[in-house]
Amino acid sequence: MRMKFYQAGVALAAMLAAAGTATAQGEFSGNVALSSDYVWRGVSQSNGDLAISGGFDYTNGMFYAGTWASSIDFDSDSDANVELDFYGGLAGELSNGISWDLGVIYYTYPDTEDDDLDFLEIKGALGYSFESGLSVGGEAYYDIDNKNLYLNATTGYSFTDAFSVDASLGNYQFDAGDDYTNWSLGGTYSALGFDFDLRYWDTDIDGSNLADERVVFTISRAM
């Protein structure tokens, strides 16, 4: 675990140096959410039950950093009840309108003695939003500890400032095998300071109740 923290610290330090010295002009924000199920890359992380999550973010120019936590339930596979993530990176937009994001994410499970659950990913993403309201994007996540790769493509359309729909298609490639594909389709409506998200998830995994098709409803609020 100390080596993973060291790797994450080196990556974040390099990004901080590239971003320049942070000043008091940076912004802090927070978020909280209640979901009927915590689904990550098509697989339930809460055993199909309710999940409470929230986090804090800091942005300063191109640099961003934050932490996020959620209740989890891996059933009998682990005694972990909490996921705690730390992340940071650089993000911006090119002159042609293409957005970019380079970062690191460290996933930890602090209430369990199983250190093997913790892992570190590096992330790269590109996106573009058209004036019509259509947006497209692609993301790549590489787990440097386990040599796993996750690729994800997204598209969305904003009908109004308050209502949008989006879809995703992802593929998880494991160094040990058992790769799988997942997909989602959902819509988000914003009202009274809250975001209401209804989303369909499914995968091509056979024989796992946690990866079956499901509909997830989430209420979230930015602070």
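Above: the structure in question.
All figures in this text were calculated on a predicted structure; none of them were measured in a lab.

Cut-offs and rules
Residues numbered from 1 in each chain as written. Predicted model: local features only at pLDDT ≥ 70, side-chain atom pairs only at ≥ 80, totals over all residues. Heavy atoms only, no water. Pairing = 2+ DSSP bridges. Helix = DSSP H or I, 4+ residues; strand = E, 2+ residues; numbered from the N terminus. Axes fitted to C-alpha atoms, helices over the stretch in contact; angles between N-to-C directions. Patch = residues over 30% accessible without salt bridge, like charges linked within 9 Å, V, L, I, M, F, W, Y side chains within 5 Å. Areas by Shrake-Rupley, 256 points an atom, 1.4 Å probe, with all protein chains shown as cover. Salt bridge = Lys/Arg side-chain N within 4 Å of Asp/Glu carboxyl O. Buried < 20%, exposed > 50% of the residue type's maximum accessible area, 1.4 Å probe, protein only. Phe/Tyr/Trp six-rings, centres within 6.5 Å; stacked < 30°, edge-to-face > 60°. Polar contact = N/O pair within 3.5 Å; in protein donor to acceptor, adjacent residues only side chain to side chain. Contact = heavy atoms within 4.5 Å. Core = buried A, V, L, I, M, F, W, Y, C linked by side-chain atoms within 4.5 Å. Lys, Arg positive; Asp, Glu negative; His and termini not counted.

J.: Talk me through the sheet that holds strand 1 (residues 27-35); I want residue IDs and the actual numbers.
T.: Around the barrel, which closes on itself, the 12 strands sit in the order 1-4-5-6-7-8-9-10-11-12-13-14 with antiparallel pairing between neighbours. Taking each pair of neighbouring strands and ignoring which way they run, the sheet shows an average axis angle of 20 degrees.

J.: Account for a nonpolar patch on the surface, with residues named and values stated.
T.: The grouping of Phe130, Leu134, Val136, Tyr157, Phe159, Phe163 and Tyr189 at the surface amounts to a nonpolar patch, some 620 Å² of accessible area in total. Following the sequence through the fold, Tyr189 ends up in strand 12 (residues 180-191). Residue classification places Tyr189 among the partly exposed positions, given a relative accessible area of 44%.

J.: Which residues make up the packing of aromatic side chains, and what are the values?
T.: One pass over the full model with this rule turns up 16 aromatic pairs. When the ring of Trp40 is compared with that of Phe119, the centres are 6.3 Å apart and the planes differ by 55 degrees; the resulting orientation is tilted. Note that Trp40 is positioned in strand 2 (residues 39-40) and Phe119 in strand 8 (residues 119-129), a separation of 79 residues in sequence. Owing to a relative accessible area of 10%, Phe119 belongs among the buried residues under this scheme. Ring geometry for Phe74 against Tyr109: centres 5.8 Å apart, planes inclined by 55 degrees, an arrangement best described as tilted. One end of the pair, Phe74, is in the loop between strand 5 (63-71) and strand 6 (82-93); the other, Tyr109, is in the loop between strand 7 (99-108) and strand 8, with 35 residues separating them in the sequence.

J.: Explain the side chain of Thr203 to me, and be specific about the residues and the numbers.
T.: Along the chain, the position of Thr203 falls in strand 13 (residues 194-203). For Thr203, a relative accessible area of 7% translates into the label buried. Within the structure, the side chain of Thr203 is placed 3.1 Å from the backbone nitrogen of Ile205, a separation counted as a polar contact. Thr203 has contacts with Gly42, Tyr180, Thr181, Asn182, Trp183 and Ala211, leaving out every residue within four places of it along the chain.

J.: How would you explain the nonpolar core if you had to name every residue and give the values?
T.: Counting 17 residues, the largest nonpolar core has Ile72, Phe74, Ala80, Ile105, Tyr107 and Tyr109 as its most contacted members. Apart from residues no more than four positions distant in its own chain, Phe74 is found in contact with Gln45, Ala80 and Tyr109.

J.: Account for the side chain of Asp202, naming residues and giving values.
T.: Locating Asp202 in the fold gives a position in strand 13. For the buried Asp202, no salt bridge is present, and the opposite-charge side chain at shortest range is Arg214, 7.5 Å distant. A distance of 3.3 Å separates the side chain of Asp202 from the backbone nitrogen of Glu213, its partner in a polar contact. When neighbours within four sequence positions are excluded, Asp202 is seen to be in contact with Thr181, Asn182, Trp183, Ala211, Asp212 and Glu213.

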